[in-house]
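# A look at the structure
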2 protein chains.
Amino acid sequence: MTAVTSMPPIILLVEPQLVENIGMTARAMMNTGLKELRLVNPRDPWPLGEVHQKRMEAASSGADEILKNAKIFATLEEAIADVNYIYATTARAHDMAHRVMTPKAAIPDMIERAAAGSKVAVMFGRERTGLINDYIVMANAMITIPLNPEHTSLNLAQSVLLVGYEWFQAQDRTPANVLRTGSSIPATREDYLNFFKRLEKALDEAGFFVAEEMRPTMIRNLHNTLQRAEMTEQEIRTWHGVLSALVGIPKARQMKKDKDD
Amino acid sequence: MTAVTSMPPIILLVEPQLVENIGMTARAMMNTGLKELRLVNPRDPWPLGEVHQKRMEAASSGADEILKNAKIFATLEEAIADVNYIYATTARAHDMAHRVMTPKAAIPDMIERAAAGSKVAVMFGRERTGLINDYIVMANAMITIPLNPEHTSLNLAQSVLLVGYEWFQAQDRTPANVLRTGSSIPATREDYLNFFKRLEKALDEAGFFVAEEMRPTMIRNLHNTLQRAEMTEQEIRTWHGVLSALVGIPKARQMKKDKDD
């Protein structure tokens, strides 16, 4: 279903403050198939002490591989030295002349660049303050996630999740809308019509069609509901059973009654 | 930039266990313009005690309005009684015949239904276990978020965020890719050409074009880099200043030297 082919962008956290957010970022990366994490000047010195390490790992929910391979840099300059194209994520407009993209537009751009051999990175600022202008000028373009203008503040890991999500979706081939039928297979027209003929006959015998002129409309309505249900073979069989039971009940009851009398 | 018109889907948390997740769900809803939260049989009895209430509010990051208006139900049946169409979110396939959509496909479907007057809801199961089959059969369709198949487990609020995100994006009109120029305006062709003529003249005088046959190629390269930069009027003025400074420096130095001698 899924074909992730192009090199995923590097995720660059600049001055992350909370080890929990680093852990949750790794989790979001794992969820969305991103691989490489770089940290610039994290608040807690690296390697982390045992307590911080444990808190980070707990928050990462099993994304140990990403955390283990994370690269730590003292400055942004060192962290981006080998990168060809950088996107800076920001929640708000900065008074700078800069290209600003939605994630939906940035991801195809990123994928094309990566496919052409460029190393691309997406940069996220520290909690609360975001990226300062001195860091944004190091980027080639900005990404701003369109959100409710009255409440644009996202948790750091959630911003990473949304960028990763778009990256994953852009390459994912999951059918957008599919009727999953489990171990059964979809019913054929013949399955429907056979059931419908039985139903119509049973209704005739039960005196359902009181007004003969209404018959075509009623038949159409019944047809429509059944068609819309897009039943499986198994489900048609179940409805055959339902019909048998309902038609059979009076007979069975009668037989039981006869016996009891 | 943003035009959110259609009625947002109701978010339905079935048996949520942690008040923090209820708070973070409210935050994700606020971020993405969702309004109505319904809780079915939350673990902690409602109204919450002071400690739980505070923990929920802290996690909600200011989404008080949504929490205050949240509706609590004892059973799923009561919670969905007035709803016309329900989507159940699941991380994995269930062996049931059911329509399964990606969020990208479900959202337009949702918006069309809402526009036609239907009340729609998206249902999320409890942490760890998700929605059990008895609840999924209450839904009309399922939503499964395509994620890294080896790591599909999302935090409850993150699932809500991704559905809300798609809902918001579907109606958002933010330009996908735009050159934001702040308080300045984009330079015209004339601005470019005037600067370029000055640059070319200065380079000529400085003896830059040593090999005359290379001149057209070099001119083209210089043109291309400047055009690609898509400069603003202000930036062109800055580069005029740069040119003046560079050309002027030897003269100024010479004058200073003459005076000193």
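Everything discussed here concerns the structure shown above.
To keep things clear, this report deals only with the structure shown in the data block. Not measured: the values here are computed from a predicted model.

For the rest of this paragraph, the subject is the relation of the copies chain A and chain B. Placing chain A over chain B gives an RMSD of 0.0 Å and needs a rotation angle of 180°, together with 0.0 Å of translation along the axis. Expressed as a symmetry operation, the mapping of one chain copy onto the other fits a two-fold axis. Taken as a fraction of all interface residues of chain A, those also at the interface in chain B reach 100%, which identifies the copy contact as same-surface.

With 43 residues of chain A at the interface, the matching set in chain B holds 43 residues. Listing elements by their share of the side of chain A that touches chain B, those giving two or more residues are helix 1 (19-31), strand 5 (98-101), helix 5 (103-115), helix 7 (156-171) and strand 8 (177-180) of chain A. It is helix 7 of chain A that provides the largest number of residues to the side of chain A that touches chain B, a total of six residues. For the side of chain A that touches chain B, the residue count by class is 18 nonpolar, 19 polar and six charged. Note: strand 5 of chain A against strand 8 (residues 177-180) of chain B, four bridges, orientation antiparallel. The residue of strand 8 of chain B that forms the bridge with Arg-99 of chain A is Leu-179 of chain B.

Another point: the sheet that holds strand 5 of chain A. Reading across the sheet, the eight strands line up as 3(A)-2(A)-1(A)-6(A)-4(A)-7(A)-5(A)-8(B) and stay open at both edges, with mixed pairing between neighbours. In the strand order of this sheet, the two ends are held by strand 3 (71-73) of chain A together with strand 8 of chain B, each with one partner. In this sheet, adjacent strand axes meet at a mean angle of 25° when their direction is disregarded. In terms of strand pairing, strand 4 (residues 85-89) of chain A meets strand 7 (residues 141-143) of chain A through three bridges, oriented parallel. Opposite Tyr-87 of chain A, over in strand 7 of chain A, you have Ala-141 of chain A as the bridge partner. Where helix 7 of chain A meets the sheet, its contacts fall on strand 1 (10-14), strand 4, strand 6 (120-124) and strand 7 of chain A, and the angle it forms with strand 6 of chain A comes to roughly 150°.

A few words now on the packing of helix 1 of chain A against helix 7 of chain A. Residue and element names in this part refer to chain A. Their axes nearest at 8 Å, the elements helix 1 and helix 7 cross at an angle of 15°. With respect to helix 7, the element helix 1 is oriented roughly parallel. Helix 1 and helix 7 meet at a crossing whose hand is right-handed. Between helix 1 and helix 7, the residues in contact are Asn-21, Met-24, Thr-25, Ala-28, Met-29 and Asn-31 and Leu-156, Ala-157, Val-160, Leu-161 and Gly-164, respectively. Grouping the constituent residues of the contact of helix 1 with helix 7 by class yields seven nonpolar, four polar and no charged.

Our focus in this paragraph is the sheet that holds strand 3 (residues 71-73) of chain B. Within a sheet, adjacent strands bond to each other through the backbone by hydrogen bonds, running parallel or antiparallel. Taken in spatial order, the eight strands line up as 8(A)-5(B)-7(B)-4(B)-6(B)-1(B)-2(B)-3(B) in an open sheet, and their pairing is mixed. Here the strands that pair on one side only, and so sit at the sheet edges, are strand 8 of chain A together with strand 3 of chain B. Direction aside, neighbouring strands of the sheet carry axes that sit 25° apart on average. Relative to the sheet, helix 7 (residues 156-171) of chain B contacts strand 1 (10-14), strand 4 (85-89), strand 6 (120-124) and strand 7 (141-143) of chain B, its axis offset from that of strand 6 of chain B by approximately 150°.

Residues and elements named next belong to chain A. Taking 1.5 Å of rise per residue, the 14 residues of helix 9 (residues 215-228) would be expected to cover 20 Å, and the 20 Å separating its terminal C-alpha atoms lies within 8% of that figure. Sparse coverage of helix 9 is indicated by the burial of zero of its 14 residues. Where helix 9 terminates, the next one or two residues include Glu-230, which has phi positive at roughly 45°.

Each value, and the rule that gives it
- Residues numbered from 1 in each chain as written.
- Chains lettered and ligands numbered in written order.
- Predicted model: local features only at pLDDT ≥ 70, side-chain atom pairs only at ≥ 80, totals over all residues.
- Least-squares fit on C-alpha atoms with pLDDT ≥ 70 in both.
- Contact = placed C-beta atoms within 7 Å.
- Helix = DSSP H or I, 4+ residues; strand = E, 2+ residues; numbered from the N terminus.
- Nonpolar A, V, L, I, M, F, W, Y, C, P; charged D, E, K, R; others polar.
- Pairing = 2+ DSSP bridges.
- Axes fitted to C-alpha atoms, helices over the stretch in contact; angles between N-to-C directions.
- Parallel < 35°, antiparallel > 145°, perpendicular 65-115°, else oblique.
- Left-handed = near helix turned anticlockwise from the far one by under 90°.
- Expected span 1.5 Å × (residues − 1).
- Buried ≥ 20, exposed ≤ 12 C-beta atoms within 10 Å, placed from the backbone.

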